[in-house]
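Structural overview for review
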Amino acid sequence: MVKTYLRYEAHSTFGVIASPTGNAVFDHSGRLSITPALESVIVWDIKKGTQVARWSDRDNTAEVTCIARSPNGKDYAVGYTDGSIRLFDLTNNAVNVVLNGHRGGISALQFDSSGTVLASGARDTDIVLWDVVGEVGLYRLRGHKDEITGIAFLASAQSADTALNASASGHIVTSSKDTLVKLWDLRAQHCVQTLVTHRSEVWALAVSPDRRLLVTGTSDADLHVWTIDTEKLEATAADSTAEQNWDAIREYGTVRRAGSSRVVTVAFHGTGKYVVCLGADRTAEIFRVRTHAEIKKKLERRQRRNREKNKKGSDDEAVAGAVEITAADELVSFKLIRTSAKAASVDFDPSETDSAALARRGSLRVLIGQNNNTIHVWTVPVPPEGKTTKQANLPEPSLQSCVEMPGHRSEPRALALSSDNELVASAADGSLRIWNARTGACVRTLECGTALCVAFLPGDQTVVVGTKRGTLQVFDIPAATCVETLDAHGGAACWAIDVHPDKKSIITGGADKTVKFWDLQLVRDADAGRRRLTLEHTRTLQMADEVLALRVSADGRLLAVALLDCTVKVFYADTLKFFLSLYGHKLPVVSLDIASDSTLLVTASADKSVKLWGLDFGDCHRSLLAHQEPVTAVRFVWGTHYFFSAGKDRCVIQWDGDKFQRIQKLHGFHGDVWALAVAHYGNFVVASGQDRSIRVWDKTEEPLFLEEERERELDELLDRGLEEAADTPNDVDEAQRAGKATAETLMAGERIAEALDLADGERRKLAEHAEQMRRMPHLNPPLPDPNPILAFEKLSPEAYVLRTVERVRAADLDDALLVLSFSRVLSLLEYIDVWARREWNTPLTCRILFFLLKSHQNQIVATRSMRSRLASIRHALRAGLASQRDQIGYNLAALASLKADWEANATAEFFDDEAIQKILDSQVKKRKFVGLKA
């Protein structure tokens, strides 16, 4: 009989506020922060510090790399490391669109001014423009040789009414790590200018709201400023015969920054009066854009000084050259924000886009996402209108609010579960946090040293932490204080803590080559007025090398100690006499555990292996190559010989210790997995990793079969190989089709092919029946039995094919149609003819027809039999489009009439009679009496 297991499914993830790989942005109101959190996006209420919503997709496991806010205020584009883009709606927290077109992680996203076109850049050096409304890719631009770092739209002055028009007019500017900045003409889909002045990677790019200035940031200490000739861009966009705009972007100069590290981000304020430059050295420098009046005064002062120098005999040419305005004259350093850690992103409050709102508030609000799992909002005072910075005497920027509590500043290295499995203790460098295991809420936050191990003491009211300095810190959870600090290992690291099964003592092991035993005693705390637990050292076991891990058996009989010399020593816990020496690992054992029946010992080593030992004779039952990277933790499930192992290969694996087989892999981490804890009887598993996340997997009632699990893993590998084989890039053209072959597109193509085969078979049966009726009408042959699927759906073959195509995602339709063979394409054209005559979903029919004609042009032209079919389709489509055009025109006229009626009824006209009379009187010519002489 085949043995079955129960599957573990991901339940929750907590401990992450903001992951450093993505950028945090304000919402349109400035009240919320849209923050990347590994594979999810968290919406934080900045003032309250609480989580409002979490955006995630069950089909996604990739990490968030980029977030862009749409001008409509509700849509947000999120880019991932696998090259996919998802559009989330802030109002309902749901995924609206999924776009796949890149072969590398998304590095830049930007909406146009209308919010209907999205431009994306990735590590695959491509720029793709997407139709957000139609949910399709428009085209791909190629020309850069390294990762895209910035994208900015230079939209034309004429507003576009549709996404197609918006993507066919205007320009975009892109920057890359290949040191180049390119200007692209969206109408020609071609690069029209390349800036080659930079001598290092271009890390950031920003365009002023009035499209006049372009600022780029590189690895040097200067900001490069460029001027944009908008008149030349408009002239070129309006007249295709105009002179090519090779010099539409001209160098303006450089501006010296306060820091010397590379630029992370550059952004303009909505008013265009301020620019923020985020550096990699914990500084965010804000520059002020001077007004024309200020520049004029500065120019006059410079000319006056130059005249004075000229009087003293200086060169006239040098004086004349010094009068020119440079970028340093227009952009001046305003304020400097110093962050507590390296910053990952910066964003201005979008509710301050007009000067009036900024003047009323009197300050800028800047959102900074930091690399230490925090987000901060800073307030920067600005001078009122008509006053300079010196006259206003402004204070320094201040921290207004932050979100810090629900996460560690560094990666948690140790985990512990309470006896009732309700609380989780996670310890990191400088902090100890207590979490609710089911809700993920942070219950307590305590300061501690560099924690290496942690354990709950009996009663679950006290937590003991072993630190890198060899101290034991005892924390009282209800009081949220450190009640005692003991020097346990003489300054050497305390690597392991275990509570004795009798609940009366604990055992610690450290780098001072000792194992120490501590008794738990109750003492009265004079400050708290109640009794608390304290530790008293009783015995010491001297070892031959540093202690890395230890564990006491459930019956309290044996003590297993892992040493730095790659061996495991087993002692009798009561007498401390030596019992067994287990050797076989090539690298030190970093974690071990003993089964609940005290008969089996499992050890995890840095040599990527896990070994199972019998505690009767010390024999090695099996050595398993558990992970692709060093194993970091291992834990048994109580009452069984199942155990979990965690490693630096970013996964947690469940094993059967009796059959020596892998049961299940638990994925989700985006870094090394450091700690592991298993609930009583294995109801859930908790793990923490390098990405600062704490993940919980719940045991479900779904049965798991090993053979099916291995087949599923092989299918995933096969699908990944098919995607890589099908998605072969073509580097010939500068502008190409946007799209990427994925497993979803392959399966969608197969579904369309199956629907075509089924419908063709049904139509053949109906045609044969019609032929029989024509030849032998007196026999009256019965109708053939319909296909069960069509009978159940109550659909005709043509309607069934159309419904199958409609169920394909719009972004995947083009790649799904490429899967079809040419014979199926001819069959699909027959159905398109029927859809066109019956006017079924005319927009989708036109899209499929145009794509097929473009993709299979040579084969269709060479097929003579298709001429009549195409003529029929053309005639039917023209008639259908004409009727729809008339209907749309009628509806637009009706809406315009309704709008005019509403405005007439809802608008009250006010006339100032006195003002009107004055205007009339001024227009009347006054009489002039002239005397005439005879």
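**Considerations on the sheet that holds strand β4 (residues 40–45)**
Read from one edge of the open sheet, four strands run β2-β3-β4-β5, paired in antiparallel fashion. Edge strands, defined here as strands with exactly one partner in the open sheet, are β2 (25–26) and β5 (50–55). Here strand β3 (residues 32–37) runs beside β4; their pairing, made up of six bridges, is antiparallel. When the bridges of β4 are listed, Ile34 appears paired with Val43.

**A look at the confidence of the model for the protein chain**
Chain-level pLDDT for the protein chain is 88 on average; 91% of the residues reach the 70-or-more range. Counting interchain partners and residues more than four positions distant, the pLDDT-below-50 stretch residues 318–322 has five contacts.

**Concerning a negative patch on the surface**
A cluster of acidic residues, Glu707, Glu708, Glu711 and Asp715, forms a negative patch at the surface. One can find Glu711 in helix α8 (residues 706–726).

**Things to note about the environment of Ile249**
Here Ile249 is to be found in strand β21 (residues 249–256). Exposure remark for Ile249: the relative accessible area of 5% places this residue in the buried category. Put simply, Ile249 and Asp229 are 20 residues apart on the chain and 6.3 Å apart in space, counted from C-alpha to C-alpha. Leave out the neighbours within four places in its chain, and Ile249 touches Val173, Leu183, Gln193, Leu195, Leu214, Trp226, Thr227 and Ile228.

**Examining the pattern of salt bridges**
Any two side chains of opposite charge can pair, on the condition that their charged atoms come close. Under the definition given, this model contains 44 salt bridges. Arg710 serves as the salt-bridge partner of Glu713, at 3.5 Å between the closest nitrogen and oxygen. Residue Glu713 and its partner Arg710 are located together in helix α8, separated by three residues, close to a single helical turn. Across the salt bridge formed by Arg824 and Asp757, the nearest N and O atoms sit 3.0 Å from each other. Placement of the pair is Arg824 in helix α13 (residues 822–838) and Asp757 in helix α9 (residues 743–775), with a sequence separation of 67 residues. When its relative accessible area of 28% is taken as the criterion, Arg824 is described as partly exposed. Under the relative-accessibility criterion, Asp757 is labelled partly exposed at 38%.

**Details of the nonpolar core**
Counting residues in hydrophobic clusters, the biggest one holds 31 residues, and the most contacted among them are Leu817, Leu828, Ile832, Trp835 and Ile848. Looking at this core element by element, the count peaks at seven residues for α13. Excluding anything up to four places from it in sequence, Leu828 contacts Leu756, Val801, Leu817, Leu820, Trp835, Ile848 and Leu852. Judged by nonpolar contacts, the second largest core, of 20 residues, contains Val264, Tyr274, Ile368 and Val382.

**A look at helix α16 (residues 866–906)**
The end-to-end C-alpha distance of α16, which contains 41 residues, comes to 58 Å, matching closely the 60 Å that a straight helix rising 1.5 Å per residue would cover. All of the buried residues in α16 are Met866, Ile873, Ala876, Leu877 and Gly880. Check the buried side of α16 and you find it contacts α13, α14 (842–855) and α15 (857–862).

**Description of the pairing of β3**
Burial analysis of β3 places six of its six residues in the buried class, the great majority of the element. Of the two faces of β3, the one carrying Leu32, Ile34 and Pro36 and the one carrying Ser33, Thr35 and Ala37 are both buried. Across two bridges, β2 lies against β3 in antiparallel orientation. Considered in β3, the bridge of Val25 is made with Ile34.

**What to know about the packing of aromatic side chains**
Across all of its chains, the model carries 11 aromatic pairs by this definition. Where Trp55 meets Tyr76, the ring centres are 5.8 Å apart and the plane angle is 45°; that geometry is what we call tilted. Of this pair, Trp55 sits in strand β5 while Tyr76 sits in strand β7 (residues 75–80); the two residues are 21 residues apart in sequence, bridging distant segments of the chain. Consider the rings of Phe643 and Trp655, whose centres lie 6.4 Å apart with planes at 15°: the pair is stacked. Here Phe643, found in strand β49 (residues 642–647), pairs with Trp655, found in strand β50 (residues 652–656); they are 12 residues apart in sequence, far enough to count as distant. Its relative accessible area of 5% is what places Trp655 among the buried residues. Above the ring of Trp674, the side-chain terminus of Arg413 is found at 3.8 Å from the ring centroid. Taking the ring centre of Phe684 as reference, the NZ or CZ of Arg438 above it sits at 5.0 Å.

**Some thoughts on the environment of Gly449**
Of note, Gly449 is situated in strand β32 (residues 442–456). Placed 18 residues apart in sequence, Gly449 and Ser431 show a C-alpha to C-alpha distance of 7.2 Å. Apart from the residues lying within four places of it in its own chain, the contact partners of Gly449 are Ala428, Asp429, Gly430, Thr467 and Gln473.

**What about a positive patch on the surface?**
Together, Lys297, Arg301, Arg304, Arg305, Arg307, Lys309 and Lys311 line one region of the surface with positive charge. Here Arg305 lies in helix α3 (residues 292–311). The exposure class assigned to Arg305 is partly exposed, which follows from its relative accessible area of 43%.

**So, a nonpolar patch on the surface**
Judged by side-chain polarity, Ile888, Leu892, Leu895 and Leu898 come together as a nonpolar surface patch covering roughly 430 Å² of accessible area. Its place among the elements puts Leu895 in helix α16. Owing to a relative accessible area of 55%, Leu895 belongs among the exposed residues under this scheme.

**Some thoughts on the packing of α9 against α13**
It is at 10 Å that the axes of α9 and α13 come closest, and there the two elements cross at 65°. Along this stretch, α9 crosses α13, giving a crossing that reads as left-handed. In contact with Ala753, Leu756, Asp757, Ala759, Asp760 and Arg763 of α9, α13 contributes Arg824, Ser827, Leu828, Glu830 and Tyr831. Its residues assigned to classes, the contact of α9 with α13 comprises five nonpolar, one polar and five charged.

**Looking at the pairing of strand β17 (residues 190–195)**
Pairing between strand β16 (residues 181–185) and β17: five bridges, direction antiparallel. Within β17, the residue paired with Asp185 across the bridge is His190. Joining the antiparallel neighbours β16 and β17 is a turn of four residues, in which Gln189 adopts a positive phi near 55°.

**Some remarks on the environment of Gly270**
For Gly270, the location among the structural elements is in the loop between β22 (263–268) and β23 (274–279). Classification of Gly270 by relative accessible area gives partly exposed; the value is 33%. For the pair Gly270 and Ser351, spaced 81 residues apart in the sequence, the C-alpha separation amounts to 8.5 Å. With residues near it in sequence (within four places) discarded, Gly270 still touches Pro209 and Thr353.

**Observations regarding the state of the cysteines**
Using the criterion set out here, one finds zero disulfides in the structure. With no disulfide of its own, Cys620 has Cys566 as its nearest cysteine by sulfur position, at a separation of 15 Å. Looking at Cys620, the relative accessible area reads 37%, which means it is partly exposed.

**Brief notes about α14**
Relative to the 20 Å expected for 14 residues at 1.5 Å per residue, α14 spans 20 Å between its end C-alpha atoms, a close match to the ideal helical length. Among the residues of α14, Thr842, Leu844, Thr845, Cys846, Ile848, Leu849, Phe851 and Leu852 are the ones counted as buried.

Reading the values: rules and limits
- Residues numbered from 1 in each chain as written.
- Predicted model: local features only at pLDDT ≥ 70, side-chain atom pairs only at ≥ 80, totals over all residues.
- Heavy atoms only, no water.
- Pairing = 2+ DSSP bridges.
- Helix = DSSP H or I, 4+ residues; strand = E, 2+ residues; numbered from the N terminus.
- pLDDT = per-residue confidence, 0-100.
- Contact = heavy atoms within 4.5 Å.
- Patch = residues over 30% accessible without salt bridge, like charges linked within 9 Å, V, L, I, M, F, W, Y side chains within 5 Å.
- Areas by Shrake-Rupley, 256 points an atom, 1.4 Å probe, with all protein chains shown as cover.
- Salt bridge = Lys/Arg side-chain N within 4 Å of Asp/Glu carboxyl O.
- Lys, Arg positive; Asp, Glu negative; His and termini not counted.
- Charge placed at Lys NZ, Arg CZ, Asp CG, Glu CD.
- Buried < 20%, exposed > 50% of the residue type's maximum accessible area, 1.4 Å probe, protein only.
- Core = buried A, V, L, I, M, F, W, Y, C linked by side-chain atoms within 4.5 Å.
- Expected span 1.5 Å × (residues − 1).
- Phe/Tyr/Trp six-rings, centres within 6.5 Å; stacked < 30°, edge-to-face > 60°.
- Lys NZ or Arg CZ within 6 Å of the ring centre and 35° of its normal.
- Axes fitted to C-alpha atoms, helices over the stretch in contact; angles between N-to-C directions.
- Left-handed = near helix turned anticlockwise from the far one by under 90°.
- Nonpolar A, V, L, I, M, F, W, Y, C, P; charged D, E, K, R; others polar.
- Disulfide = S-S within 2.5 Å.

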